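Architecture and fold: a report
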Amino acid sequence: MKLILVDDEKGILEGLKKMIDRYIPECEVVGTAYNGREGFELIQKWQPDIVITDIRMPQAGGLEMIHMLKEVDIQSKFILLSGYADFEYARKGMQLGVNFYINKPVEEQELRDCVCQVMDTIRIERSKVQEMDALKLATYQRMQEDGLRDILDMGNDHTEIAEELLRIGCMPELAQFACIFIEIRGKADGLKEHGFDPVFRQIDLVFRQYDSVYRFRYTGAQIAVIVMHGSAMESRNLINTAQRLHEVLFRQLNLSSVIGIGSIQNRPGGISQSFEEARNALSYQVIKGAEPIISYTQIMNRTGKSELVTEEMIADLEAAIDNLDERESVDMIHRIFREIEAEPGFNPADLQQQCLNILLLSIRKVSFQQLQQNRLLSRQLLSLEGISRFKTLASLEQWMVEVISGIIEFLLEQRTPKRKDMISEIKEYVTDHYDESISLAELAARFYMNPFYLSQYFKQKTGETYLNFLTHIRISKAKEMLEQTDLKVYEICHKVGYSDAQHFSRMFEKWTGFKPRDYRKSLAKQ
């Protein structure tokens, strides 16, 4: 620890320095001064851990020097030297926070005991500060993660809320954004043993060229990454960086990964869109079983040649699958293939590509975990050979019919008579667990649904987003607590599932027109 000596007697300074060098090797004397004025300047410069100072000195005494240092927020610990058994000095010293004294002439043992006691005090205080800093950091990171989860799950039409969540998390608003979705595949023994922290460290290291990188576990073995940069980002650089991450995870941690990359966006509301695209890119990999890295932009480039399958056809097919209508779904497949068949010059590669696009949209209703659980679908969709096995239109058509029928059969198994009204079950679960951290991904995993499809399905059936529904419940419960209890606002904030009191206050005001305290005051006036 750094130590400074202040005394107007040169012999005392030299004697103290020799004793400290000899008997207290943990301390280094970094400077000496002969009066309070010199000491004040020297201590400001070095910011020592400990200062040993005489009380009476010319120009400025020890107590006056300590008073000046406290005014400029110096945090050093002070030991007072005094040859005077004067209570007044001790009283003034205690008022300045000085709790350590050594009487002149200084004995070696007394000096060592006193300095060691001060060092122990410093270590304890630093340990408490570190614990508090770690707690603050964990709370701050949780706030950021909660805010980012909300942004990812809320959809593209909530730019204002996205900007608010970025401000709460102290994240840049005026930047370019891109989302990356990582899934750890295969035997992830290292992940089970060490958790996600080693993966997070590699992500931070590989993406350090960008201004800000936020990463957190999304669900299961999936990781969401949001990259932000103050200047223009290039898609090619982002893809190359993701490729390096894939290689590093395998080389350093023996983890196999598949990485989807969304498009680069210029506004906070676009983060959700980029994330949806990253997940779609990952789904594309699930079907194709090819490269471990693919961006949504690449998908669009690959699928933009022959757009015979219209959006209306896909919408009809999705509706049929959603209604678990196997006959209508099969009829739609036949209709689609008749359109393809009527197009001259269609080659096998184009046919395979069209089927790939249809399946990519069809399996949005099925999570990756569900695909793995179902042997038939897993064998058909997750095979490395995939669609490339089929070279004729007839074989492709028959295969598509089998896959779509398999998807409907699987969904029928999942939706037992007890679970006919899925939305009611979801609402009931959210109503019972509003005080917990409920992300869309966690909710989707609980109900065996794809998160993106759950978001769309919930809005279609209820007319509002899942996030709005959850917020409405939380604010309603907060109003009840403000009306019926004497709980503090920050206590109510945590009881209704929010981790940040400021965000809670803003959301409460947005929904009620009052800040929480003002709402409680308005009740008293009624």
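To keep things clear, this report deals only with the structure shown in the data block.

Calculation rules
- Residues numbered from 1 in each chain as written.
- Predicted model: local features only at pLDDT ≥ 70, side-chain atom pairs only at ≥ 80, totals over all residues.
- Heavy atoms only, no water.
- Helix = DSSP H or I, 4+ residues; strand = E, 2+ residues; numbered from the N terminus.
- Buried < 20%, exposed > 50% of the residue type's maximum accessible area, 1.4 Å probe, protein only.
- Contact = heavy atoms within 4.5 Å.
- Polar contact = N/O pair within 3.5 Å; in protein donor to acceptor, adjacent residues only side chain to side chain.
- Patch = residues over 30% accessible without salt bridge, like charges linked within 9 Å, V, L, I, M, F, W, Y side chains within 5 Å.
- Areas by Shrake-Rupley, 256 points an atom, 1.4 Å probe, with all protein chains shown as cover.
- Salt bridge = Lys/Arg side-chain N within 4 Å of Asp/Glu carboxyl O.
- Lys, Arg positive; Asp, Glu negative; His and termini not counted.
- Charge placed at Lys NZ, Arg CZ, Asp CG, Glu CD.
- Phe/Tyr/Trp six-rings, centres within 6.5 Å; stacked < 30°, edge-to-face > 60°.
- Lys NZ or Arg CZ within 6 Å of the ring centre and 35° of its normal.
- Pairing = 2+ DSSP bridges.
- Axes fitted to C-alpha atoms, helices over the stretch in contact; angles between N-to-C directions.

Another aspect to go through is the environment of V496. Secondary-structure assignment places V496 in the loop between α22 (489–495) and α23 (501–512). Judged by its relative accessible area of 0%, V496 is buried. C-alpha of V496 to C-alpha of K477: the two residues are 19 residues apart in sequence and 6.8 Å apart in space. Non-local contacts of V496, meaning those with residues more than four positions away in its chain, are made with Y434, D435, R474, K477, A478, M481 and F504.

This part takes up the side chain of D7. Looking at where D7 falls in the secondary structure, it is placed in the loop between β1 (2–6) and α1 (10–23). The buried category is assigned to D7, whose relative accessible area is 0%. A distance of 2.8 Å separates the side chain of D7 from the backbone nitrogen of E9, its partner in a polar contact. Here D7 is in contact with I12, L13, A33, Y34, D54, M57, L81 and K104, once residues within four sequence places are set aside.

Together, D325, E326, E328, D331 and E409 make up a negatively charged patch on the protein surface. For the negative patch, the leading source of residues is helix α13 (residues 326–341), giving 3 residues. Position of E328 among the secondary structure elements: in helix α13.

Next up on the list: unusual backbone geometry. Look at the link from K104 to P105: it is a cis peptide, with omega at -10 degrees. For P105, the location among the structural elements is in the loop between β5 (100–103) and α5 (108–154). In this model, Q59 sits at a positive phi of 70 degrees, which is unusual for a non-glycine residue. With respect to the helices, strands and loops of the structure, Q59 is situated in the loop between β3 (50–54) and α3 (62–71). Here Q59 falls in the exposed class, since its relative accessible area comes to 62%. Positive phi, close to 65 degrees, is recorded for D73, a residue that is not glycine. Turning to its location among the elements, D73 is positioned in the loop between α3 and β4 (77–82). Residue classification places D73 among the exposed residues on the basis of a relative accessible area of 54%.

Under the counting rule described, the total for this entry stands at 11 aromatic pairs. Where F181 meets Y218, the ring centres are 5.6 Å apart and the plane angle is 85 degrees; that geometry is what we call edge-to-face. Of the two residues, F181 sits in strand β6 (residues 176–185) while Y218 sits in strand β7 (residues 212–219), which places them 37 residues apart along the sequence. Considered together, F181 and Y218 belong to a single accessibility category, that of buried residues. Their ring planes at 45 degrees and their centres at 5.7 Å tell us that Y498 and F504 sit as a pair that is tilted. The pair Y498 / F504 is uniform in exposure class, with both members buried. The rings of Y498, F504, F508, F514 and Y519 are connected pair by pair, giving a single aromatic cluster. Taking the ring centre of Y498 as reference, the NZ or CZ of R474 above it sits at 5.1 Å.

The 5 strands lie next to each other as β7-β8-β6-β9-β10, forming an open sheet whose pairing is mixed. Each edge of the sheet is formed by a strand with only one pairing partner; in this case those strands are β7 and β10 (293–295). Mean inter-strand twist for the sheet, computed between neighbouring axes without regard to direction, equals 20 degrees. In terms of strand pairing, β6 meets strand β8 (residues 222–229) through 8 bridges, oriented antiparallel. Considered in β8, the bridge of I180 is made with V225. Strand contacts of helix α8 (residues 197–206): β6, β7 and β8, with the helix running at about 150 degrees to β7, the strand carrying the most contacts. Running at roughly 165 degrees to strand β9 (residues 256–261), helix α9 (residues 235–253) makes contact with β6, β8, β9 and β10 of the sheet.

The next point concerns the environment of T53. Structurally, the position occupied by T53 is in strand β3. Judged by its relative accessible area of 0%, T53 is buried. Separated by 19 residues in sequence, T53 and Y34 place their C-alpha atoms 9.5 Å apart. Setting aside residues up to four positions removed in sequence, T53 forms contacts with V6, G62, M65, I66, I79, L80 and L81.

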